[in-house]
Amino acid sequence: MTQIICIANQKGGVGKTTTAVNLSAALALAEKRTLLVDCDPQANATTGMGIDKNGLAQTLYHGLIGEADIESLITATEIDRLQVIPSRVELIGFEVEMMNENGREQVLKKCLSRIADRYDYIIIDCPPSLSLLTLNAMAAADVLLIPLQCEFYALEGLGQLLQTKALINGGINPGLSISGILLTMFDKRTNLSHQVAEEAMKYFKGKERVFSTSIPRNVRLGEAPSFGKPILLYDAGSMGAQSYIALAKEILDG
Ligand code: ATP
Ligand code: MG
């Protein structure tokens, strides 16, 4: 069975892309057939995987608007079992293009359904908004993984995200559940990090899982994208790499 994981939080810079790229790499290196779908016009996951977006003829956008076969967009990476559907800035146009289309929230789901059975995991990286692209990702997914940056205001806006999920549950994707909340940029030396962790535990207690793995603030994680590599290829021994291996294991163990 394929599991489709949507990585979402409308707050910017909380570690969505870092998680999408590195969780994908960790799952693939654990021998799971993995597809990373870059659903963000910023295309950070595409670049972070070392794909030269300007050299591409077509991207996810063309697949979504029916100008490209989704299959033709699948791009290989340095890791055997990891493939990417890349994005580029033109993806911004999707929302306008779809304005008057019926079923516009289900476009990605339809595209992915044609190739999903080739993969054990499909990871979707979302933009920092609750836009039509994020709705498409939530509609296509089995589970939602929510990165929470260990910063003041971390929980702010979470209500809106959970409300959106509830709306989706009531309509286009009744089966969507939360796989877990992931604490990111955790700094064990600061009180603030511990406070945010505690608050998150309290907020979700008895309702949702907070992963026991948290992702530490780690310079190597910040550096890796500029080399177009997931952390596991850039510095496998780093704390950042080890934490994403642990997260993958937690997900594999269910
Ligand atoms: P956006 O909302 O813009 O898509 P995002 O939620 O995808 O952002 P990232 O791009 O993953 O967030 O991370 C934001 C910045 O923080 C990036 O420069 C990234 O390299 C850095 N970063 C992410 N996680 C860590 C970490 N654990 N330690 C150090 N730096 C990190
Ligand atoms: Mg991002």
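Sequence order as written defines residue numbering, which begins from 1 separately in each chain. Labels follow written order: the first chain is A, the first ligand is 1, and so on. Only residues with pLDDT of at least 70 are given local features in this predicted model, and only at 80 or more are side-chain atom pairs given and counted; all residues enter the totals for whole chains, interfaces and linings. Side-chain measures here rest on the full set of heavy atoms in the structure, leaving out hydrogens and waters.

Asker: Please clarify how the pattern of salt bridges should be interpreted in this entry.
Answerer: If charged atoms from side chains of opposite charge come close, those side chains can pair. For salt bridges, the criterion is a side-chain nitrogen of Lys or Arg within 4 Å of an Asp or Glu carboxyl oxygen. A complete count under the given rule lists eleven salt bridges for this structure. The salt bridge involving Glu-71 is made with Arg-114; its shortest N-O contact spans 4.0 Å. Highlighted residues: Glu-71 in the loop between α3 (60–64) and β3 (75–76) and Arg-114 in the loop between α5 (107–113) and β5 (121–125), separated in sequence by 43 residues. The exposure class assigned to Glu-71 is partly exposed, which follows from its relative accessible area of 37%. Only protein chains enter the accessibility calculation, which uses a 1.4 Å probe. A residue is then buried if its area is under 20% of the maximum for its type, exposed if over 50%, and partly exposed in between. A relative accessible area of 48% means that Arg-114 is categorised as partly exposed. Measuring nitrogen to oxygen at the nearest pair gives 2.8 Å for the salt bridge that ties Glu-223 to Arg-220. With a gap of three residues between them, Glu-223 and Arg-220 both fall in helix α9 (residues 219–223), about one helical turn apart. The helix count covers DSSP runs of H or I at least four residues long, the strand count covers runs of E at least two residues long, and both are numbered beginning at the N terminus.

Asker: Would you explain the packing of aromatic side chains in this entry?
Answerer: Here a pair means two rings of Phe, Tyr or Trp (six-membered ring of Trp) with centres within 6.5 Å. Their orientation is stacked below 30 degrees between planes, edge-to-face above 60, and tilted elsewhere. Inspection of the entire model under this criterion finds three aromatic pairs. Between the aromatic rings of Phe-152 and Tyr-153, the centroid separation amounts to 4.7 Å while the plane-to-plane angle is 55°, which identifies the pairing as tilted. No difference in accessibility class separates Phe-152 from Tyr-153, as the two residues are exposed. Note on Tyr-203 and Phe-204: the rings are 4.8 Å apart at their centroids and 65° apart in plane angle, and the pair reads as edge-to-face. Both a distance and an angle decide whether a charge sits over a ring: NZ of Lys or CZ of Arg must be within 6 Å of the ring centre and within 35 degrees of the ring normal. The ring of Tyr-203 has Lys-207 lying over it, and the distance from NZ or CZ to the ring centre is 5.7 Å.

Asker: I keep staring at the environment of Tyr-203 and nothing clicks. Help me out?
Answerer: Mapped onto the elements of the fold, Tyr-203 is located in helix α8 (residues 191–204). Residues Tyr-203 and Leu-155, spaced 48 residues apart in sequence, show a C-alpha to C-alpha distance of 8.7 Å. It only takes one pair of heavy atoms within 4.5 Å for two residues to be counted as in contact. Not counting residues up to four positions away in its chain, the partners in contact with Tyr-203 are Leu-158, Gly-159 and Leu-162.

Remember, this is a structural readout, not a statement about activity or role.
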